[in-house]
Amino acid sequence: MSQPLFAALFDETERGPLTVSELTSAVRNALEARFASVWVEGEISNFKAHGSGHWYFTIKDEGAQLRAKCFRSANTRIRFRPADGLHVRARGRLSVYEARGEYELIVETLAPAGAGAMRIAFEQLRDRLRAEGLFAKELKRPLPVFPRRVGVVTSPTGAAIRDIINVISRRTRTVHVLFSPARVQGEGAGRDIACAIKLINQHHQQAGREGRTDDLVDVLIVGRGGGSSEDLWAFNEEEVARAIRASAIPVISAVGHETDFTIADFAADLRAATPSAAAELVATQEDQICGALDQMGRQLLRLLRYKIADARTRVQEHALSQVFDEVRGKLRDARTATSTDTQRLQMLMSQSIARARSRVDGLSPRLSPVHLQNRLTAARTRFDLAYGACLSGMRTTLEQARRELGLAATSLDALSPLAVLQRGYAIAQDSDGRLLREAQAVEVGDAVRVRLAKGRLDARVEKIEA
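The text that follows walks through the structure, step by step, so that each part is easy to find. (Residues numbered from 1 in each chain as written. Predicted model: local features only at pLDDT ≥ 70, side-chain atom pairs only at ≥ 80, totals over all residues. Heavy atoms only, no water.)

Quick look at the pattern of salt bridges
Rule in force here: The salt bridge criterion pairs a side-chain nitrogen of Lys or Arg with a carboxyl oxygen of Asp or Glu, the two atoms within 4 Å. Helix and strand assignments follow DSSP, with helices taken as H or I runs no shorter than four residues and strands as E runs no shorter than two, numbered in order from the N terminus. Under the scheme applied here, a residue whose accessible area is under 20% of the maximum for its type counts as buried, over 50% as exposed, and between as partly exposed, the area being computed with a 1.4 Å probe on protein chains only.
With the rule as written, the count across this model stands at 20 salt bridges. For arginine 28, the salt bridge identified is with glutamate 98, shortest N-O distance 2.7 Å. Separated by 70 residues along the polypeptide, arginine 28 in helix H2 (residues 20-34) and glutamate 98 in the loop between strand S4 (87-97) and strand S5 (102-112) bring together distant segments of the chain. The closest approach of N and O atoms between glutamate 108 and arginine 91, which form a salt bridge, is 3.4 Å. Remark: arginine 91 occurs in strand S4 and glutamate 108 occurs in strand S5; sequence separation between them is 17 residues. Among the residues examined, arginine 91 registers a relative accessible area of 24% and is labelled partly exposed. Shared partners join several salt bridges into a network, and the residues in it are Arg128, Glu132, Glu238 and Arg242.

Below you can see the structure in the form of structure tokens.
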């Protein structure tokens, strides 16, 4: 303790005995006057956050310890939460807690020694929200394939909103932007961002209740351009993270540059490196699908061409087979056999009729003329009816057989590879009977057999052109 302080206390005691309260008050006044603002460095122990919002803890080193308190009005400006074992630097004023006669440090500023306060605050909040499950993968929602309306929360004067609009308007003509402005840095910026997120969600939910499907918001971009850690700190506030997670609309976090990470990035459904990248994410789906459709169309066209070429090759190969010639010959034989059978049937029926008439004529002398005439008439009537029915059935059967045979022959002719030859095409084979598909398959002087629509040619190669 300094000499003036000792002197003041000595002067007081020379005038007479002091009460404990008087002495304690004098010590407090002397300490507060002498140590109105002082920096202290040490390790925190016995930290306790009171229900009133005040903090109570001890700062100690190897040789001593100092009780400290930080009132709520001061600790709301501190960006990290103290914990036992944390090495800190505290600035405040010394005072005396008169009820116990203990001197203490009234802390006004507290900062970690070594690591930055922002980094510690970031890590503490991140770990706490992660343990709470706020960043769980199960909570992440996929982006819509074709977003029609995109909400944006950012500064109205920053470059982020211009970049987002430029990218979306350049990449697609079907996406509309709903903008909710908010401050993105400075005191109270986190509260502004959270309120803007809630405002767009209220608009979305009201549109859903009223059946205005065109006014529904499909995805929400929350972010800003690059800056220092202090500039981006609003996106590290717990209020913003909870507003993002409570959003009924999928959220893309787009804060700063690619190397910048914030609490909002962990809470969002998807992180974009920059605001422009976020705009590309909501507009790139249309480009990707159109490109994929074009690519699939080209692949389908190539596949069809390959299938047609393969089928043509197989048809040409089958054209060399004797099966088609054999089928055509069998059809001719069937037609000939049908005509022969028809003639034989007619001849047999005529012979049967003649024999029946002979038998009738042989019976004539043994019967009376009238009786014979009646029986003959009845027999001829029955015979004519049977003959007519038999002949009609045979004709119907023969006509149906001819039609079916004609249809089969027509279908076979249509499917026959020989029909291709009728249009002026030819099929070339080498001496071993293999099909020739390219000129390089033979050499000058090789024997070649050419199949035409009618007949074959034996030729020899004189010149080859690729």
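So much for the structure itself; the text now carries on.
Describing unusual backbone geometry
Here asparagine 46, not a glycine, exhibits a phi torsion of approximately 55 degrees, which is positive. On the secondary structure map, asparagine 46 appears in strand S1 (residues 38-49).

A few points about the nonpolar core
If you look at soluble globular proteins, the nonpolar side chains tend to sit buried side by side. We apply this condition: Nine residue types can take part in a nonpolar core, namely buried Ala, Val, Leu, Ile, Met, Phe, Trp, Tyr and Cys, and a core is a set of them joined through side-chain atoms within 4.5 Å. Should any heavy atoms of two residues lie within 4.5 Å, those residues are counted as being in contact.
Core analysis: the largest hydrophobic core is formed by 53 residues, its most contacted members being Phe57, Leu110, Val153 and Ile193. Sequence-distant contacts of phenylalanine 57, that is, excluding residues within four places in its chain, are made with Ile44, Ser45, Asn46, Phe47, Leu66, Arg67, Ala68, Cys70, Val107 and Leu110.

A closer look at the sheet that holds strand S2 (residues 55-60)
Spelled out, the test is: Strands are treated as partners if at least two bridges between them are detected by DSSP. In this analysis, axes come from line fits to C-alpha atoms, helices being fitted only over the stretch in contact, and the angle between any two N-to-C directions falls in the range 0 to 180 degrees.
A barrel is described by the order of its strands in space; here five strands give the closed sequence S1-S2-S3-S5-S4, paired in mixed fashion. This sheet shows a mean twist of 50 degrees between the axes of neighbouring strands, independent of strand direction. Both S1 and S4 contribute to a ladder of six bridges, which runs antiparallel. The partner of valine 38 across the bridge, within S4, is glycine 92.

Comments concerning the sheet that holds strand S10 (residues 270-271)
Judged by pairing direction, the sheet is parallel, and its five strands sit side by side in the order S7-S6-S8-S9-S10 without closing on themselves. Here the strands that pair on one side only, and so sit at the sheet edges, are strand S7 (176-181) and S10. As judged from the six bridges shared by strand S6 (residues 149-154) and S7, these two strands associate in the parallel manner. Looking at the pairing, glycine 151 lines up with leucine 178 of S7.

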